[in-house]
Each structure stands twice: as structure tokens, then as C-alpha cells.
Amino acid sequence: MAGHIYGAINLGSSELALKIFEINKKNGIRELTHVRKKYAIGAETYSTGVISYKTMTEICETLNDFTRIMNEFGVESSDVCATSGVREAENMLVLLDQIRIQTGYSVRTLSNSEARFLYYKALVQNESRLYDITQNGTMTVDVGAGSMQLSIFNESRLLTTQNLLLGASRIQELLQVMEEEAYDYNSLIDEYIEKDIKSFFKFNLNGIKIKNIIAVGGMIPDAYHYMRERKAEFDGFIKSKTINKAKVLSGLPRETVRLVLPTITILRKISELTGCDKLILSPIDLCDAMAAEYSARRIHISPNHDFTVDILTAARVIAAKYECDMEHIETIETLALQIFDRIKKLHGLGKRERLLLQIAVILHSIGSFISDMHSRENSYHIMMNTELIGISDKERLMIANIIRYNEDRFPDYLSLTDDISRQEYITVVKLNAILKTANVLDKSNRHKIKNVGITLDGDTMTLTAETMADITLEKGLFHDKAGAFEEVFGIRPKLIQKKTGRNL
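Note that the coordinates shown come from a computational prediction; the quantities given were computed from them, not determined experimentally.

Undergrad: What is the right way to look at the nonpolar core in this model?
TA: Note on soluble globular proteins: their nonpolar side chains tend to be buried together. Counting 97 residues, the largest nonpolar core has I339, L357, I359, L363, I434, L463 and F485 as the members making the most contacts within it. Top element by residues in this core is helix α20 (residues 422-440). It accounts for 9 residues.

Undergrad: In this structure, what is going on with the sheet that holds strand β13 (residues 492-498)? I would like to understand it.
TA: With respect to topology, 3 strands assemble into an open sheet ordered β11-β12-β13, the strand pairing being mixed. Of all the strands in the sheet, just β11 (452-457) and β13 have a single pairing partner and so form its edges. In this sheet, neighbouring strand axes are inclined to one another by 20 degrees on average, regardless of whether the strands run parallel or antiparallel. The pairing of β11 with strand β12 (residues 460-466) spans 6 bridges and is antiparallel. Bridge pairing in β12 links I454 to L463.

Undergrad: Hey, could you run me through the pattern of salt bridges in this one?
TA: Opposite charge on two side chains permits pairing when their charged atoms draw close. A full pass over the atoms with the stated rule returns 23 salt bridges. Note that R108 and E293 form a salt bridge whose closest N and O atoms lie 2.9 Å from each other. With a gap of 185 residues between them, R108 in strand β5 (residues 107-109) and E293 in helix α13 (residues 286-299) connect regions that are remote in the sequence. Its relative accessible area of 33% is what places R108 among the partly exposed residues. The partner of K269 in a salt bridge is E194, and the shortest N-O contact between them spans 3.1 Å. With K269 in helix α12 (residues 254-274) and E194 in helix α8 (residues 185-204), the pair connects residues that are 75 residues apart, well separated along the chain. Judged by its relative accessible area of 3%, K269 is buried. Take E194: its relative accessible area is 22%, and that puts it in the partly exposed class.

Undergrad: Before we go on, may I ask you to explain unusual backbone geometry in this structure?
TA: Glycine aside, the phi torsion of most residues is negative, and most peptide linkages are trans. Although it is not a glycine, E155 sits at a positive phi angle of roughly 55 degrees. Looking at the element boundaries, E155 is found in the loop between β7 (148-154) and β8 (157-164). What makes E155 exposed here is its relative accessible area of 52%.

Undergrad: What should I look at first to understand the state of the cysteines in this one?
TA: One way to say it: the disulfide is the covalent bond shared by the sulfur atoms of two cysteines. For the structure on display, the rule yields 0 disulfides. Its sulfur unpaired, C287 is 8.8 Å from the next cysteine sulfur, which belongs to C81. The class of C287 is buried, set by a relative accessible area of 1%.

What counts and what doesn't
Residues numbered from 1 in each chain as written. Predicted model: local features only at pLDDT ≥ 70, side-chain atom pairs only at ≥ 80, totals over all residues. Heavy atoms only, no water. Core = buried A, V, L, I, M, F, W, Y, C linked by side-chain atoms within 4.5 Å. Buried < 20%, exposed > 50% of the residue type's maximum accessible area, 1.4 Å probe, protein only. Helix = DSSP H or I, 4+ residues; strand = E, 2+ residues; numbered from the N terminus. Pairing = 2+ DSSP bridges. Axes fitted to C-alpha atoms, helices over the stretch in contact; angles between N-to-C directions. Salt bridge = Lys/Arg side-chain N within 4 Å of Asp/Glu carboxyl O. Disulfide = S-S within 2.5 Å.

Here is the structure:
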């Protein structure tokens, strides 16, 4: 059975890499070739803030070389992705424009949460032992150039994940000026990273004993291919109290050592702080992650795993962190999704928008942790500064606005200061109207209404609440919010009560 030939190009912080894959349902994903060229993109970005025009030109030349290689392999489709080394450059748009002009490629710039989620998908796709390993306390350490992502699993569920600005290139560029003066450079790295890692453990381990550490991303594939031939030396390095850089990293190119050293120093510190020396290095890189995403999207090859559950679990962890009323959230979530599903023909939205609605419901009251006086505005700012794995920066902005105007009239498009398109604006307005309607059904947070029956008749949507409780408050407030729903969907919601069950 002939496979689909796919090319994945990673415009990374330390290199430009191409992997070509053959993908089919029978044999899955098979790598055909791997080509890479080293660049100091991240070093330029983190030290000067910009990518030089010389580097831009070299990148475009390499991309054109990659095009010729892909033509030889008969590549049918390809993607180019970039991460923090490009994303954080002040002249990112200039680089992307030059790439488009000189090579014809449109580069997809991944947010941190998108990139980490791709790695996670690839890990699930390629690591057959992952389900069994994560049955017991497991931490995945995704070390990139600009940051790293720490995720904790237990009972094969993702419990929490957080990004720390402790990437290999960032650490190297910040500390290299001190290298000659430092008595022990490796201890300097230790000292620099320890506080943030300890802080993450303090607020997120919650008594879970880490028994496995899985390292992925960035320079981990280089460390994997190098260390697998020297496993005993690597294990000894992880457990040792001192580092002999010359011994451990002998034979590696100098540029590789510059980034591998901070990477494995991070792993060593995490191993020390968790008391876990069972470290698994994964050879998966961003190109593998891109292939996993492409195969699921286009060839419909995907692991037996619901990644949506992971995203929602991460959202619930955030809500719990801000001491939200989880029973209230569960009630509103059920009601909002019932409304969404019942009026599909009216809103025309899909699964992804349904997920955004769920997240908005789960996180709609996080701002009350700071102050009830300005809870919606607080919720907006917390959301804008909280990364949620699997959610893009634009989707995070949409969720923040759905939450922000939960109590108020939604502003018109021209007066909205946030950078969203007209179509995204329409989606936000629709989801906001549904959230408002569902939220008012449990305004007292007493969970009087657990379930509603929804019927559509002409220009009226009737919500029948089955409860013996007094819902006079809910009826009054519902009438006030009905106008906003009618403006968006053209139907008037009406709340009636069907007394059944027991008094609450």
C-alpha cells in the first residue's frame, strides 16, 4: 500500500531541520530521511532581540535546498513551523515575509502551548509504554530553547502542566558572560534554575511521588542519540554530585555542547529535587510532532487517546488553583453544553468552538480569587497571562473575552481593543451569549437547576427546569439576559419550571 509522502520543516532556535515521512494507515508513520543545518537563531533573539538579515538570507537558502530534497522524494505536502526563537524576535514579521518572498513558504508560528501539545501528541503516538509508565507518578520535562514545560501525570491522567522560562538557549545566553568568572559554571546553572523548579514542585506535586521522568524536546534527541551508547556514564552523571563536562560530553560538537549542557543540567536538578533517577530520554523532535499531527488530521491515524480530556483537566486544575466553586462550574458546564448542542443549526459552530465554551465556563470565575468587585476584569487578565496546553494564543484571547463580558453587554467589533478577526469576533459573541444564559441559571451558586429540557418552537427557545426549589431569582435574572441571547441568535429564550424531585 503506497503511503503519503510528507515533509516537516522545523525552523528551530538552534537549527533548521527537515524530516520526510511516509504515512499510511497500515504501517503508520515511517521516517525516510532527516536533514539539518545548525543556526544560532535563538542566540540572536535572546541576546539582541532580533534576527540578523544575514541569518534570514541563510535560512531562505536552506529552505530552498530543502525544497529540492523534497522534490526528489516526491513529497506531496509539507509544513514549516517555528517556535520561540522566531516568535520572540522583534523582527519576526520581516523574517516571515522574506521567507514567503524568497521560498514561497508560509510559516506557522507556534505558541508555547501549541508546541508543547504537539510534542505531547507525538509522545503518545510514538511511546507505546506511555500509558503504563504514567500509571504511577510521572513527570514529563519538555526542554526547549526558550523555556521548558513541566507536566505531572498520575493514574495515566494529566494532572497539571506549567511553563517556565528556563530553556537551554536562554540559559546559555544569560549566563555565558559569567562562565569565565565562575568557579563552577555548572553550579551557576544549578543556582539559576533551582528556585523556579522548587516553586513548581511546591504548588503542584501535592504529595505525588515522582517515579519516572520523561525528557523530550529541544536538545533531548541529541542527548538521546549520544547517551544511548554511553548509558552507564549518563546514569552516573545524573546521580553524581559533581559534573565532569569534559568527560560526559566529550566527542560532541562545540555548538551542540553549548545547548546540551544546560539541558542535561536541568534534568539532573529535577532528578535531584524529586529523588527520581529513572530518566527516559525521548528521541522525538518537533518534526515528529508535526508528522503526528498531520497524520491525525489528514490520514486519520491517531492513537486511542482523547486529548480534549487533557486540555479540560488542565483547565480544571487552574480553576481549583483559584478556589472556584467546582460544583457551580459543573452545573453551568452541563447547562451551557446542552444549549450549544440543541441550537447547532443556529450557531453553525463545531467541536473546537464547543471546547472553547467549556474552557470559558470552567474558568469564568477565576477572577473572584482576587476580588469580587472586578471579578470579570480580573478573570480576563488572569486568562491572558495563563498558558493552557493545546490552546493557541488567539484561542486564549477569545476565551478571555468570552469571560470578560459575561455580565456586561458585549462591545461592538470596532470598539474592541483586542486583536481578533471579524469571524473570531462573531464566534466569541455567540459563545458569550450561551455562557450568559447558562450562568444565570445558577446565579445564586446553590445548584437549584441541574438539568433542563430544551425545545425550539418558531422564534422561542423554551428551557424547562426540573426542580422543586424556588427559582424566582433565576427567572427574574433570566428574563434580563434573554435579550442578549435573542440579539445573537434571533430566538427568545424562556424559562419555565417543572416541579419534580425533592426540595433543595
